[in-house]
Amino acid sequence: MTTAKEIDMIEAPPILTIKASMRRPTEQQIASFQDVSTGFVVDALHGGGALSRNIAPVGFGRDLNCVAAGPALTADCGAADVLAAFAALKYIRPGDVVVSAFAAHTGCAAGGDGLVGMMRNCGAAGFVTDGPMRDYTGIVKVGLPVWCAGITPASPHMSGPGSVGTPVQIGGQEVETGDMIVADRDGVVVVPFERLDDVIASLEKVRAAEHAQDERVAAGMRVPDWVGDLLESDRVRITD
């Protein structure tokens, strides 16, 4: 049986954990992802990197042009709590995209216009969460691009525990502070920090291939050559 004295000796767990050292891409690496479509980035990642389609531009982009590319600053909030997202304000560097993991909880909002307004004031380029948002009209007025799991008026708690700068699980991907986030009206893609240079190199090839394809389609192409070659090969069987 635990005595009152022993209870007094048990240390209360912290309500916030902050990673002391947070990595960050170089300015040149960050610049390489500006004005690049999410589709190109996924192709450069060989089909990977995209967050769940449930995480979409707030309002599906009807009132706010949601486009952003910047280093991830993670906040692991947990379900129904936003303490870590508010704590992350202190650690935002200009151009960061705050990625707030809400355990995919949809019973209340993962943020509102006040939170994203302060993120904008701190220089953030965008906000990504797997929970819904509130204060839609105010978010549009703030103008910070937001990707979320819908809209709700329900308010969250702010009691923790949570963490800032640590790896988070969101939208079927692991995101670490310093990974690159590329997001537009199609969704959100994460590029792991360790793969940045390889993906940047691959992007040049992807752009060239896509532009060549666009030119062929504009010129009237109906069926790609590779489809015709496949249909004439022994890998296709024609049946009655």
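As a convention, each chain's residues are numbered from 1 in the sequence order in which they are written. For this predicted model, a pLDDT threshold of at least 70 governs which residues receive local features, and a threshold of 80 or more governs which side-chain atom pairs are given and counted, while totals over whole chains, interfaces and linings are taken from all residues. The basis for every side-chain value is the complete set of non-hydrogen atoms in the structure, without hydrogens or water.

**Student:** Would you explain the side chain of Asp184 in this entry?
**Tutor:** Helix and strand assignments come from DSSP, with helices taken as H or I runs of at least 4 residues and strands as E runs of at least 2, each series counted from the N terminus. Locating Asp184 in the fold gives a position in strand β10 (residues 180-184). The side chain of Asp184 is buried and forms no salt bridge, while Arg185, the nearest opposite charge, is found at 8.1 Å. In this structure the side chain of Asp184 is engaged in a polar contact, spanning 2.9 Å, whose partner is the backbone nitrogen of Asp186. Aside from chain neighbours lying at most four places away, what touches Asp184 is Ser37, Thr38, Pro57, Cys66, Val67 and Trp147. The buried label goes to any residue with under 20% of its type's maximum accessible area, the exposed label to any with over 50%, and the partly exposed label to all in between, with areas taken from a 1.4 Å probe on protein chains only. For the charge count, each Lys or Arg is scored as positive and each Asp or Glu as negative, with His and the chain ends excluded. One side-chain nitrogen of Lys or Arg within 4 Å of one carboxyl oxygen of Asp or Glu is enough to make a salt bridge. Definition of a polar contact: a pair of N or O atoms within 3.5 Å, with one able to donate and the other able to accept a hydrogen when the atoms are protein atoms, and with sequence-neighbouring residues admitted only if both atoms are side-chain atoms. The contact criterion used is simple: two residues touch if any of their non-hydrogen atoms lie within 4.5 Å.

**Student:** Where do I start with the pairing of strand β3 (residues 68-76) in this structure?
**Tutor:** The element β3 is largely enclosed, with a buried count of eight among its nine residues. Bridge analysis of β3 against β10 gives four bridges, and the strand direction is antiparallel. Paired with Pro71 across the bridge in β10 is Met180. Should DSSP find at least two bridges between two strands, the strands are taken to pair. Pairing geometry for β3 and strand β4 (residues 97-101), over five bridges, is parallel. If you follow Leu73 over to β4, its bridge partner there is Val98. Bridge analysis of β3 against strand β7 (residues 162-164) gives two bridges, and the strand direction is antiparallel.

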